[in-house]
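Now for the letters of each chain:
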Amino acid sequence: MHIYKPEEMIPTTVGSSLSTAVKLLQQGEVVAIPTETVYGLAANAYNEAAVRRIYAIKNRPLFNPLIVHVSGIGQAAACTQGLPHKAIQLFNKFSPGPLTLLLPKNNNVPDIVTAGLPDVAIRIPGHALTLGLLQELNFPLAAPSANPFGYISPTTATHVHQMLGGKIKYILDGGACNAGIESTIVGFRNDEVLLFREGAIPVSLIEKLVGPVKRIHTAKPSAPGMLASHYQPHTPLYLVDDVEAAFSEEPALRTGIITYNELAKGLPSADQVLLCTNNDFATAARKLYAAMHTMDARGYDRILVRRFPDTGIGVAMNDRLERAAWKGVG
Ligand code: TXA
Ligand code: MG
C-alpha cells in the first residue's frame, strides 16, 4: 500500500472532466471540487483511508470533523439514523444550497469523518457540476474547504491550485463560487434548533421556517470554523468601522484596503478593492475571499477592511473577518 507523505509533490491538473474526477474518487484519491460556497477537498466519505488523506493534505487536526456532501435527501438518510421533521423542512426549503445540518450518524460513516462525534454534518451542495458528480458516485463526499488549515478559503480553482498544487492530482474547475461564504451550520437538540456557524443563509430565513434558533456560545468551540483565529491571511488584517481613520493612525504603513459601496476617501484606488456598490452584499460575499487572497499576495504591511452592517449576509462576512483579523499574537 502506498503511504502518503505530505512532502511528496505530485502533478496537479485543473480541468472540468467529470469522468476524471469520478475515476480518481473511486480509487480513493482526494479531488478538489467546486461548490456554490467555496471549493471543497473531497474524498469518499465511506473510505477511512481516503478521508485520512484529506486531513493530511490540509494539515488539519484530527479533532475537526468534516462535512459530508450528498446528492439529495435519500443519500442523507443513508448516512444518518433518520431525519427529524425540521431537518426535512430545512432541506426542502434551502437545498441544494448553502445549508449544513448536523444529524445523528449511522455506521456507514466512519468515525474519522465526524472526529468521533455522534453527529455527522450533511449538505446538498448547490453546484450543478458537483451534484452531477455525486449522482455518478455510489458514495457521498467528505469535504472541508480546500485550503490549508486556518488560511483563507478558496473561491476559484486558481486559489486551490495556489494553495494545494503539488498535493492533489485533480482540481475540478466549476468556475468562481456563486455564494462565496461557507454554508450555515445548524443542529438539533430535542426540539431546539442550534446555530453552529453563521453562513451564506441568514439565520433570519431559517427562523422564519422553523422558529427561534439558539446561538451556541461555548468556551471550547464544537465547530473549528468557530475558532477565534481562522480564515486568516498572512498579512495582518484589521476589521474597522472607519477605514480612513484607521489609515491615518499609521499613514506610513503600506496598506491594502477592502471596502464596499465607495472607495476610502483620499487614499490611492490602486491599493483598494471595492466589493460592491448600492449595498449589493451578495456580490460582496462572492468577491470577499478573492479580495483577501489578492491583497495577501501583494505584500502590504496590513489590510484594512470596512466592517459590514450586521444584517443578512453581512453577519457571516463580519464573522469570517473577525476570525481572519490579527489578534496581536505571533
Ligand atoms: O460551505 C461549506 O460548508 C464548505 C463547502 C466545501 O461545503 N465546507 C466547509 O467545510 O466550510 P470546513 O471543514 O471548512 O468547515 C466545516 C465546519 C467545521 O468548522 C467543522 O468543525 C464543522 O463544520 N463540523 C463538521 N461536523 C461537525 C459536527 N459533527 N459537529 C460540529 N461541527 C461540525
Ligand atoms: Mg474551512
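Before any of the text, the structure's been laid out above.
This write-up is about the structure you can find in this document.

## Some details on the environment of L275
At step 1: Position of L275 among the secondary structure elements: in the loop between β14 (272-274) and α10 (281-297).
At step 2: Residue L275 is classed as buried on the basis of its relative accessible area, which comes to 0%.
At step 3: Dropping the residues within four chain positions of it, L275 is found in contact with I258, T259, Y260, T283, A284, K287, L288, A291 and F308.

## Thoughts on the packing of aromatic side chains
At step 1: One pass over the full model with this rule turns up 5 aromatic pairs.
At step 2: Between Y238 and W326 the ring centres are 6.2 Å apart and the planes differ by 70 degrees, which places this aromatic pair in the edge-to-face class. With Y238 in strand β12 (residues 237-240) and W326 in the segment after α11 (314-324), this pair connects stretches of sequence that are 88 residues apart.
At step 3: With relative accessibility at 29%, the residue Y238 sits in the partly exposed group.
At step 4: By relative accessible area, which is 43% here, W326 ends up partly exposed.
At step 5: On the numbers, 5.5 Å between centres and 90 degrees between planes, the contact of F281 with F308 is edge-to-face. Of this pair, F281 sits in helix α10 while F308 is found in the loop between β15 (302-306) and α11, placing the two residues 27 residues apart along the sequence. F308 matches F281 in its accessibility class, with the two residues each being buried.
At step 6: Site record: aromatic cluster; members linked through ring pairs are Y260, F281 and F308.
At step 7: Here the basic side chain of R306 rests over the ring of Y260, its NZ or CZ set 5.9 Å away from the ring centre.

## Details of the sheet that holds β12
At step 1: Strands sit in the order β12-β15-β13-β14 across an open sheet of 4 strands; the sheet is parallel. The open sheet has two edge strands with one neighbour each: β12 and β14. Within the sheet, the average angular offset between the axes of one strand and its neighbour, ignoring direction, is 15 degrees.
At step 2: Pairing of strand β13 (residues 255-259) with β15 involves 4 bridges; the strand directions are parallel. Opposite G256, over in β15, you have I303 as the bridge partner.
At step 3: Against the sheet, α10 contacts β12, β13, β14 and β15, and its axis sits at roughly 175 degrees relative to β13.

## Side note on the sheet that holds strand β4 (residues 67-69)
At step 1: Taken in spatial order, the 11 strands of this open sheet run β1-β8-β2-β3-β7-β4-β6-β5-β9-β10-β11, and their pairing is mixed. This sheet does not close on itself; its edge strands, each paired only once, are β1 (13-15) and β11 (213-215).
At step 2: Pairing analysis gives 2 bridges linking strand β2 (residues 31-33) to strand β8 (residues 170-172), with the strands arranged parallel. Paired with A32 across the bridge in β8 is I171.
At step 3: Across the sheet, helix α1 (residues 18-26) is in contact with β2, β3 (40-44), β7 (141-142) and β8; its angle to β8 comes to roughly 130 degrees.

## Examining the packing of α10 against α11
At step 1: Packing of α10 against α11 brings their axes to within 11 Å, and their N-to-C directions diverge by 20 degrees. Here α10 lies roughly parallel to α11, going by the angle between them. For the crossing formed where α10 meets α11, the hand is left-handed. Where α10 approaches α11, its residues F281, A284, A285, L288, Y289 and M292 are matched on the opposing element by M317, R320, L321 and A324.
At step 2: Its residues assigned to classes, the contact of α10 with α11 shows 9 nonpolar, no polar and 1 charged.

## Thoughts on α10
Given 3.6 residues to a turn, an α-helix orients residues that are three or four positions apart in the same direction.
At step 1: Here α10 contains 17 residues, and its C-alpha end-to-end distance of 24 Å stays within 8% of the 24 Å for a straight helix at 1.5 Å per residue.
At step 2: Taken as a whole, α10 carries its principal kink of about 40 degrees at K287.
At step 3: Residues F281, T283, A284, A285, L288, Y289, A291, M292, H293, M295 and D296 constitute the buried set of α10.
At step 4: Looking at the buried side of α10, the elements it contacts are α7 (157-164), β12, β13, β14, β15 and α11.
At step 5: With its phi angle positive at about 70 degrees, G299 sits one or two positions after the end of α10.

Rules behind the numbers
- Residues numbered from 1 in each chain as written.
- Chains lettered and ligands numbered in written order.
- Predicted model: local features only at pLDDT ≥ 70, side-chain atom pairs only at ≥ 80, totals over all residues.
- Heavy atoms only, no water.
- Helix = DSSP H or I, 4+ residues; strand = E, 2+ residues; numbered from the N terminus.
- Buried < 20%, exposed > 50% of the residue type's maximum accessible area, 1.4 Å probe, protein only.
- Contact = heavy atoms within 4.5 Å.
- Phe/Tyr/Trp six-rings, centres within 6.5 Å; stacked < 30°, edge-to-face > 60°.
- Lys NZ or Arg CZ within 6 Å of the ring centre and 35° of its normal.
- Pairing = 2+ DSSP bridges.
- Axes fitted to C-alpha atoms, helices over the stretch in contact; angles between N-to-C directions.
- Parallel < 35°, antiparallel > 145°, perpendicular 65-115°, else oblique.
- Left-handed = near helix turned anticlockwise from the far one by under 90°.
- Nonpolar A, V, L, I, M, F, W, Y, C, P; charged D, E, K, R; others polar.
- Expected span 1.5 Å × (residues − 1).
- Bend = angle between axes of the 7 residues up to and from the residue.

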